[in-house]
Amino acid sequence: MSNLFTPNGVNIPITVLQVDECKVIERTEINNSDNDKIILGAFELKKANNSNKGFFDKKKTKPYKFVKEFFVEKSDQVKSGDEITVDHFKEGQFIDISGISKGKGFSGVMKRHNFSGLRASHGVSAAHRSAGSTGQCQDPGKVFKGKKMAGQYGNTHKTSQNLQVVKVDPVKKIICLKGSTPGSRGSWLIIEDSIKQKEAKEIDVVISAPKEKSTKKE
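Residue indices begin from 1 for each chain and proceed along its sequence in written order. Where totals are concerned, whole chains, interfaces and linings use all residues; where local detail is concerned, this predicted model gives features only for residues with pLDDT of at least 70, and gives and counts side-chain atom pairs only at 80 or more. Remark: hydrogens and water are excluded; side-chain values derive from all non-hydrogen atoms of the structure.

So, about the overall build of the chain. Numbered from the N terminus, helices here are DSSP runs of H or I no shorter than four residues, and strands are runs of E no shorter than two. Check the secondary structure of the chain and you find 2 helices and 11 strands. Its helices and strands taken in sequence order, the chain reads β-β-β-β-α-β-β-β-α-β-β-β-β from the N to the C terminus. Radius of gyration: C-alpha atoms only; globule rule: 2.2 Å multiplied by the number of residues to the exponent 0.38. Its C-alpha atoms give the chain a radius of gyration of 25 Å, clearly above 17 Å, the size a compact globule of 218 residues would have. A principal-axis box enclosing the C-alpha atoms of the chain has dimensions of 70 × 70 × 40 Å. With a 1.4 Å probe rolled over the protein chains alone, any residue whose accessible area is under 20% of its type maximum counts as buried; one over 50% counts as exposed, and the rest are partly exposed. Here the chain, with 218 residues, has 26% of them falling under the buried criterion. The contact criterion used throughout is that any non-hydrogen atoms of two residues lie within 4.5 Å. The long-range share in the chain, meaning contacts at least 24 apart out of those at least 6 apart in sequence, stands at 69%. Throughout, the Shrake-Rupley method with a 1.4 Å probe supplies accessible areas, and for residues the shown protein chains are the sole cover considered. If you sum the accessible surface of the chain, you get close to 16,400 Å²; carbon and sulfur atoms cover 49% of it. Between the mean site of the 38 positive side-chain charges and the mean site of the 25 negative ones, the chain shows a separation of 11 Å. The sign given to each residue is positive for Lys and Arg and negative for Asp and Glu; His and the chain ends receive no count. One atom stands in for each charge, and that atom is NZ of Lys, CZ of Arg, CG of Asp or CD of Glu.

Here you go:
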């Protein structure tokens, strides 16, 4: 995480991501469709295990640690062997990012589900952060599956939508996004075009001048 100032002096919180070592392993044409499928590999390995060696040998490419399928439009000039760099992104466009969120361990209902807790008044005893009653009456006489209770918090697959690309640096091979992304530092993320926001928008925000207070007395 970092921050970036626009020419108008607006401070934008950003997340810096590095886009490197991403190559197109294979492109497959899909009939009766507007899109084609590509297989993208990231982080080249020196040696692959026996289970993955046959796959990469068949594709006639070097082994990669991460392999992911994407859909691209038929008009895109991406082909097998091309490297995906930061030039693939444009400033102002919106993207969706998915990854594994930070694991918080076993957490209570107040931290995990934002419960308000019990009242801190006389007679409540030491149960201010408890979940309260979770059971039912004699009918049905059970706790339903999916009940919001204490348990494992985090370490799940999350997707952040409509994140805007603020800056692209081809020299350092980094892109700066407005907002935060799931996961901790050094984690791997999947970047895709935004589903909801297709058109790019201007990054800079125009600051309107404050209205002057009237000194006229009635």
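From this point, things continue past the structure.
In this section: the side chain of Asp169. In this fold, Asp169 is placed in strand E9 (residues 157-169). Here Asp169 occupies a buried position and makes no salt bridge, while the nearest side chain of opposite charge, Lys172, is found at 4.7 Å. A polar contact of 3.2 Å, which involves the side chain of Asp169, links it to the backbone nitrogen of Val171. Apart from the residues within four sequence positions on either side, Asp169 is in contact with Val86 and Ile174. When a carboxyl oxygen of Asp or Glu is within 4 Å of a side-chain nitrogen of Lys or Arg, the pair counts as a salt bridge. In the analysis that follows, any N or O atom pair within 3.5 Å is treated as a polar contact, provided that within protein one partner can donate a hydrogen and the other can accept it, and provided that, for residues neighboring in sequence, both atoms belong to side chains.

Each patch is built from residues lacking any salt bridge and having more than 30% relative accessible area; the joining distance is 9 Å for like charges and 5 Å for nonpolar side chains (Val, Leu, Ile, Met, Phe, Trp, Tyr). Taken together, the side chains of Phe43, Phe66 and Trp188 present a nonpolar region at the surface, about 280 Å² in accessible area. Given the relative accessible area of 34%, Phe43 is considered partly exposed.

Another point: the packing of aromatic side chains. When the centres of two rings from Phe, Tyr and Trp lie within 6.5 Å, Trp using its six-membered ring, the rings pair. Their planes under 30 degrees apart give stacked, over 60 give edge-to-face, and anything left gives tilted. Under the defined criterion, the tally for this structure stands at 3 aromatic pairs. Geometrically, the ring pair formed by Phe43 and Trp188 is edge-to-face, given 5.7 Å between the ring centres and 70° between the ring planes. Taken together, the positions of Phe43 in strand E4 (residues 35-44) and Trp188 in the loop between strand E10 (174-178) and strand E11 (190-193) put the pair 145 residues apart, joining distant regions of the chain. Trp188 sits in the partly exposed class, given a relative accessible area of 42%. Between Phe66 and Trp188 the ring centres are 4.6 Å apart and the planes differ by 40°, which places this aromatic pair in the tilted class. Of this pair, Phe66 sits in strand E5 (residues 64-73) while Trp188 sits in the loop between E10 and E11; the two residues are 122 residues apart in sequence, bridging distant segments of the chain. Among the aromatic residues, those joined into a cluster by ring pairs are Phe43, Phe66 and Trp188.

Here the focus is the nonpolar core. Counting 12 residues, the largest nonpolar core consists of Leu17, Val19, Val86, Phe89, Ile95, Ile97, Leu163, Val165, Val168, Ile175, Leu177 and Ile191. For this core, the secondary-structure elements that each account for two or more residues are strand E6 (94-100), E9 and E10. Setting aside residues up to four positions removed in sequence, Val86 forms contacts with Val19, Val168, Asp169, Pro170, Lys173, Ile174 and Ile175. What we call a nonpolar core is a set of buried Ala, Val, Leu, Ile, Met, Phe, Trp, Tyr and Cys residues that are connected through their side-chain atoms within 4.5 Å. Core analysis: the next-biggest nonpolar cluster, separate from the first, contains 9 residues, Ile38, Leu40, Val72 and Ile84 among them.

What follows concerns the pairing of strand E2 (residues 11-18). Relative to E2, strand E1 (residues 2-5) runs antiparallel, the two being bridged by 4 bridges. Its bridge partner lying in E2, Phe5 is registered against Asn11. Between any two strands, at least two bridges found by DSSP are needed for them to pair.

With that settled, consider the sheet that holds E6. Across a sheet, paired strands are connected by hydrogen bonds in the backbone, their directions being either parallel or antiparallel. The strand order E1-E2-E10-E9-E6-E11 describes an open sheet built from 6 strands, whose pairing is antiparallel. Edge positions in the sheet fall to E1 and E11, since each of these pairs with one other strand and no more. Averaged over all pairs of adjacent strands, the angle between their axes in this sheet comes to 45°, without regard to strand direction. Sheet analysis places E2 next to E10, joined by 5 bridges and oriented antiparallel. What sits directly across from Thr15, in E10, is Leu177. Axis definition: a line fit to C-alpha positions, over the contact stretch in the case of helices; interaxial angles, taken between N-to-C directions, run 0 to 180 degrees.

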